[in-house]
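# Reading the structure
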Amino acid sequence: MADTVIQAEELVKRYGRRTVLDGLSFSAPAGALIGIVGENGAGKSTLLKILAGALRPTHGQVRIHGSLGYCPQQVILNESLTVAQHLDYFRAAYHLADTVYADALIERLAYGQYRATPVGALSGGTQQKLNLTLALMHRPSVLLLDEPYQGFDWETYLRFWGLASELRSQGCCVVVISHLLFDQQRFDAIYQLRQGRLHPQTVAAADITNATGSAALQEVH
């Protein structure tokens, strides 16, 4: 059995009197593709930020075994810097010797013509491609994706799934959080975030397209 690379234990997050996460526990092995779906306001982004270490839980803890890549829904880029400048900045931040893998990702995602373009002049979809490249360029053990399809055209969507499949084969655990999960058969496991906890859903069910699916759910302990 593959080693566990991400583990969350009894996560609680409160904002005043409002409890967003209520004792949520979750774990995933290397090489797994995990989907987490939930209605708007269910706490998906809160969960992802806690898993990424960008937000502290009220209670509980998260363990990541290996390196982490985090791709938030809202891209965090400097609009005045070019694509190439972002790569160089993150190369230094990750202590990488070169940007060879990042360059390969740019070609894979088909936006090489924008290397010298300031981010502020890029479309939202191209910014999201750069966001994904920066999250992956250090070859993380765990990749956390918040609404990764946003701004992608159909061709890029297919390239994304090809890349996700390749990452799985290399042992990277990919966690996708979204209000809609397309191509559910691609996932190893799907969970619904509801009432502050994760509930597993049978991957084979064809109608897991939103957070209001009527199939019976079993709570994860």
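Quick look at the structure, then.

For an α-helix, 3.6 residues make a turn, and residues three or four places apart therefore share a direction. Among the residues of helix H3 (residues 100–108), those classed as buried are Tyr-101, Ala-102, Leu-105 and Ile-106. The buried residues of H3 occupy one face: seen down the axis, they fall within an arc of 145°. Turned more than 90 degrees away from the buried face of H3, the exposed residues are Val-100 and Glu-107.

Moving on to the state of the cysteines. Per the stated rule, a full pass over the model turns up zero disulfides. Of the cysteine sulfurs around Cys-172, a residue in no disulfide, the closest is that of Cys-173, at 6.9 Å. With relative accessibility at 5%, the residue Cys-172 sits in the buried group. Among the residues examined, Cys-173 registers a relative accessible area of 0% and is labelled buried.

Moving on to the packing of aromatic side chains. Taken as a whole, this structure holds eight aromatic pairs when the rule is applied. When the centroid spacing of 5.8 Å and the interplanar angle of 90° are considered together, the rings of Phe-26 and Tyr-191 count as edge-to-face. Taken as a pair, Phe-26 in strand S2 (residues 18–29) and Tyr-191 in strand S8 (residues 189–194) lie far apart in primary sequence, 165 residues in all. Its relative accessible area of 5% is what places Phe-26 among the buried residues. For the pair Phe-160 and Trp-161, a centre-to-centre distance of 5.2 Å together with 70° between the ring planes defines the contact as edge-to-face.

Turning to the pairing of strand S6 (residues 142–146), a few remarks are in order. Along S6, five of the five residues are buried, which leaves the element largely enclosed by surrounding structure. Neither face of S6 is left uncovered, since the one carrying Val-142, Leu-144 and Asp-146 and the one carrying Leu-143 and Leu-145 both have all their residues buried. Sheet topology places S6 next to strand S7 (residues 173–178); five bridges connect them, and they run parallel. Paired with Leu-144 across the two strands is Val-175, which belongs to S7. Tracing the backbone out of S6, into helix H5 (residues 154–169) and back to the parallel element S7 gives a crossover that is right-handed.

Thresholds applied
- Residues numbered from 1 in each chain as written.
- Predicted model: local features only at pLDDT ≥ 70, side-chain atom pairs only at ≥ 80, totals over all residues.
- Heavy atoms only, no water.
- Buried < 20%, exposed > 50% of the residue type's maximum accessible area, 1.4 Å probe, protein only.
- Helix = DSSP H or I, 4+ residues; strand = E, 2+ residues; numbered from the N terminus.
- Arc of directions from axis to C-beta.
- Disulfide = S-S within 2.5 Å.
- Phe/Tyr/Trp six-rings, centres within 6.5 Å; stacked < 30°, edge-to-face > 60°.
- Pairing = 2+ DSSP bridges.
- Right-handed = clockwise from strand over helix to strand, strands pointing away.

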